[in-house]
Amino acid sequence: MDHPLLQHKLSILRDENTGVKDFREVVSEIATLMCYEATRDLPLEEVEIKTPITTAKFKTIAGKKLAIVPVLRAGLGMVDGILTLIPSAKVGHIGLYRDPDTLEPVEYYCKMPNDIAEREVIILDPMLATGGSASAAIQFIKNYEVKNIKLMNIIAAPEGIQRVHHDHPDVDIYCAALDEKLNDHGYIVPGLGDAGDRIFGTK
Ligand SMILES: O=P(O)(O)OC[C@H]1O[C@H](OP(=O)(O)OP(=O)(O)O)[C@H](O)[C@@H]1O
Ligand SMILES: O=c1cc[nH]c(=O)[nH]1
Ligand SMILES: [Mg+2]
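Keep in mind that this is a model prediction, so the values were computed, not measured. (Residues numbered from 1 in each chain as written. Chains lettered and ligands numbered in written order. Predicted model: local features only at pLDDT ≥ 70, side-chain atom pairs only at ≥ 80, totals over all residues. Heavy atoms only, no water.)

(A) Up close: the pairing of strand E3 (residues 66-72). The buried fraction of E3 amounts to 7 of the 7 residues, a majority that puts the element mostly inside the structure. Residues Leu66, Ile68, Pro70 and Leu72 line one face of E3 and the alternating positions Ala67, Val69 and Val71 line the opposite face, and both faces are buried. The pairing of E3 with strand E7 (residues 120-124) spans 5 bridges and is classified as parallel. If you follow Ile68 over to E7, its bridge partner there is Ile122. In the sheet, E3 pairs with strand E4 (residues 90-91) via 2 bridges, with the strands oriented parallel. Along E4, the bridge assignment pairs Ile68 with Val91. In terms of handedness, the path from E3 via helix H3 (residues 79-85) over to E4 forms a crossover that is right-handed. Judged from the 2 bridges that link them, E3 and strand E5 (residues 93-98) form a sheet pairing that is parallel. For Leu72, the partnering residue across the bridge sits in E5 and is Gly95. (Buried < 20%, exposed > 50% of the residue type's maximum accessible area, 1.4 Å probe, protein only. Helix = DSSP H or I, 4+ residues; strand = E, 2+ residues; numbered from the N terminus. Pairing = 2+ DSSP bridges. Right-handed = clockwise from strand over helix to strand, strands pointing away.)

(B) Seen up close, the nonpolar core. Leu13, Met152 and Ile154 are the most contacted members of the largest nonpolar core, which totals 35 residues. For this core, the secondary-structure elements that each account for two or more residues are helix H1 (4-14), helix H2 (20-38), E3, H3, E7, strand E9 (149-156), strand E10 (172-178) and helix H6 (195-200). Ranked by residues supplied to this core, first place goes to H2 with 8 residues. Ignoring sequence-local partners within four residues, the contact set of Ile154 consists of Leu10, Leu13, Val27, Ile30, Met34, Met78, Asp125, Pro126, Cys175, Ala176 and Ala177. (Core = buried A, V, L, I, M, F, W, Y, C linked by side-chain atoms within 4.5 Å. Contact = heavy atoms within 4.5 Å.)

(C) Geometry of the site of ligand 2. The environment of ligand 2 is formed by Arg98, Met127, Ala129, Gly186, Tyr187, Ile188, Gly193, Asp194 and Ala195. Here Ile188 contributes a backbone N or O atom positioned 2.8 Å from an oxygen atom of ligand 2. Interatomic distance of 2.8 Å between a backbone N/O atom of Gly193 and a nitrogen atom of ligand 2. For ligand 2, whose unbound accessible area comes to 230 Å², protein coverage reaches 88%. Residue composition of the shell around ligand 2, by class: 5 nonpolar, 2 polar and 2 charged. (Near = heavy atom within 4 Å. Polar contact = N/O pair within 3.5 Å; in protein donor to acceptor, adjacent residues only side chain to side chain. Areas by Shrake-Rupley, 256 points an atom, 1.4 Å probe, with all protein chains shown as cover. Nonpolar A, V, L, I, M, F, W, Y, C, P; charged D, E, K, R; others polar.)

(D) Representation of the coordination of the magnesium ion (ligand 3) in the model. Surrounding the magnesium ion (ligand 3) are the protein donor atoms Asp194 (OD) and Asp194 (OD), at 2.3 to 2.6 Å. Here Asp194 is to be found in the loop between strand E12 (188-189) and H6. (Donors = N, O, S within 2.8 Å, 3.2 Å for Na, K, Ca; no water.)

(E) Structural view of the UniProt feature "domain: Phosphoribosyltransferase" (unreviewed entry) in the protein. The UniProt record marks residues 2-202 with the feature "domain: Phosphoribosyltransferase" (unreviewed entry), using the residue numbering of this structure. Within the segment residues 2-202, helix and strand shares are 32% and 31% respectively, and the terminal C-alpha atoms sit 30 Å apart. (UniProt positions renumbered as here; feature names shortened; annotations may be inferred.)

(F) Inspection of the packing of aromatic side chains at higher detail. As enumerated under the stated definition, the model contains 1 aromatic pair in all. Judged by centre distance (6.1 Å) and plane angle (35°), the ring pair of Tyr97 and Tyr108 falls under tilted. Taken as a pair, Tyr97 in strand E5 and Tyr108 in strand E6 (residues 105-111) lie far apart in primary sequence, 11 residues in all. Among the residues examined, Tyr97 registers a relative accessible area of 42% and is labelled partly exposed. (Phe/Tyr/Trp six-rings, centres within 6.5 Å; stacked < 30°, edge-to-face > 60°.)

Below you can see the structure in the form of structure tokens.
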């Protein structure tokens, strides 16, 4: 996504001098802007509405049910921004951390809404690096028989995009920036560092 507002806010996140308060706020704002784009294909239906002047047909969102699923921890930073636009969305959680040595995702929590199978799901995680966490998160959700899954990342590395496209070609990826590469520790270059640590101030 190349909207100027998104690019501007992304630059604030990348700056190592941006503190935890601003970082958190801007992650949330970016999620709201990305949500606008990622929901562009929501189906509409016509309803009859009486304005003060006359009655006419207008469009409303068809009874499509949505759920968002943040990948803990960093994905939590995007939840409020999405709920600003879709306050009735249900929220599932997947806890994953990336083992610093193997870079493999380790699951530690999973809780989904009961009717998740009937919902379209948007997975939230600011960072798509090797793609191991996203691929695992998508598979967990597919195990609940969810048919329509989207992945929303603020920054993606080419390696992560390739991995998700390979493992889950049916899942569309929405990202605000496609960065250059991963470094030897699996961090996105130029990236923004560790998103979870910057959102929660743990480093
Ligand atoms: O694409 P990958 O190589 O799997 O890396 C991306 C994952 O790494 C980060 O989480 P992290 O493990 O730092 O956990 P945290 O959110 O608790 O900090 C990030 O939020 C993604 O979930
Ligand atoms: O650059 C990266 C890679 C994985 N996780 C992050 O938070 N940042
Ligand atoms: Mg982290």
